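Understanding the architecture of this molecule
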Amino acid sequence: MNKTFGLITALLVLSYTGRIDVCQAQQTTSTATVKDAKKIDQATLNSILEKNSQRFKLGKVADYIPELGKANAQSIALSVVNNDGTLVSAGDIHQKFTIQSISKIIALMIAVQESGEKAVFEKMGYFGTDKPFNHFGNLETMGKPLNPMMNAGAILTTALIKGNAEEPFAKILKMIRFITNNEQIDYSHAVYNSERETGHRNRGMFYIMRNNGLIDGEGEEKLNNYFKQCSIEITVEDLAKIGYFFANHCVRYDGNKQFQDPNLSQLIQSQMLIAGMYEFSGEYARTVGLPSKSGVGGGIAVSVPRNMGIGAFSPALDQHGNSLAGYHMILDLVNAKHLSLFD
């Protein structure tokens, strides 16, 4: 009797365990199939790039920083790092351009790593905005920046990174080199000097925040670090790798987990989603529905959470300061592969 009972029990356990394994296998297969279905191929990128290659005619290259006005408006490129870390690119993939405001997400990452989220956001808000990237009226009404994606908040974020003189900038450059696995990345001296010589509005924000007690120290070294980080030169493939990094819990596209941090990744992506495209962020969330960060150099970095990174480049900007062709290429890619968070 006992032997019979034991045999029946063993068979039931084996049967139940088998069902769990099958269920898990089916779930894993299903997840892999979905991600594989969204994998981007060369033909898709080529088609999207060709479709949007003339959109530059409807935009305008940034010229309020004189050196940026020299960019070739017709340059265009698109790059994707798929979930498996493979890189697919089209267009002017070797064209270097300055990272500009996309550097803000790197600076925020470092500031939070060093001091913690609470300490950083005690001095600025988590808010979205209906104002342009260089708006700073809230410094008078609120006493602090709206968020770390607008210029005022970004200048403050960089000022919060620990170190003397150029050390905060060196940390940002080192992190960008790590994320992209590209030690050749450096900054443009010409763009840096142009930004420093003409960046009086940013200088005004800097001094208001110093007056408000948000920034300490003497001179403009902390402001110059901000100008310098915006002048870092990258390619569209570097942007795709940055997008991938934050999409995958701060794990590099080749699997390097040195900075793996799901909580920090969530913070960065949430700010990208609500404020990464400035006053266009709300409409962008409706149409694209992905964490993204633009720069007036013509780049846009996009994170598809737990999946891939996208980089787009075209220096002709729309009225919001975002790449016109870049936005439409991303939109076409999102619609073609159903990448939106809300799809």
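- The name given to the protein in an unreviewed UniProt entry is Glutaminase, with Sphingobacterium ginsenosidimutans as the source organism.
- Its UniProt record gives the protein a comment under Catalytic activity (unreviewed entry), which states: "L-glutamine + H2O = L-glutamate + NH4(+)".
- Check the Subunit (unreviewed entry) section of the UniProt entry for the protein; it says "Homotetramer."

With respect to helix α7 (residues 167-180)
- Counted at 1.5 Å a residue, the expected span for α7 with its 14 residues is 20 Å, and the 20 Å between its end C-alpha atoms agrees.
- Of the residues making up α7, those classed as buried are P168, F169, I172, L173, M175, I176, F178, I179 and T180.
- Contact partners of the buried residues in α7: α3 (103-115), α6 (151-160), α10 (221-230), β5 (233-234) and α11 (236-247).
- One or two residues past the end of α7 sits N181, with phi positive at roughly 55 degrees.

Describing the environment of A190
- Assignment of secondary structure puts A190 in helix α8 (residues 189-198).
- Distance from A190 to E67, taken between C-alpha atoms, is 6.9 Å for residues 123 residues apart in sequence.

Some points on the sheet that holds strand β8 (residues 308-313)
- Spatially, the five strands line up as an open sheet ordered β3-β2-β8-β7-β6, and their pairing is antiparallel. With one partner strand each, in any of the chains shown, β3 (87-91) and β6 (292-294) form the two edges of the open sheet. On average, each strand axis in the sheet is tilted by 10 degrees relative to the strand beside it, whichever way the strands run.
- In this structure, β6 lies alongside strand β7 (residues 299-304), joined through three bridges in antiparallel fashion. Counterpart to S292 in the pairing with β7 is V302.

Calculation rules
- Residues numbered from 1 in each chain as written.
- Predicted model: local features only at pLDDT ≥ 70, side-chain atom pairs only at ≥ 80, totals over all residues.
- Heavy atoms only, no water.
- UniProt positions renumbered as here; feature names shortened; annotations may be inferred.
- Helix = DSSP H or I, 4+ residues; strand = E, 2+ residues; numbered from the N terminus.
- Expected span 1.5 Å × (residues − 1).
- Buried < 20%, exposed > 50% of the residue type's maximum accessible area, 1.4 Å probe, protein only.
- Contact = heavy atoms within 4.5 Å.
- Pairing = 2+ DSSP bridges.
- Axes fitted to C-alpha atoms, helices over the stretch in contact; angles between N-to-C directions.

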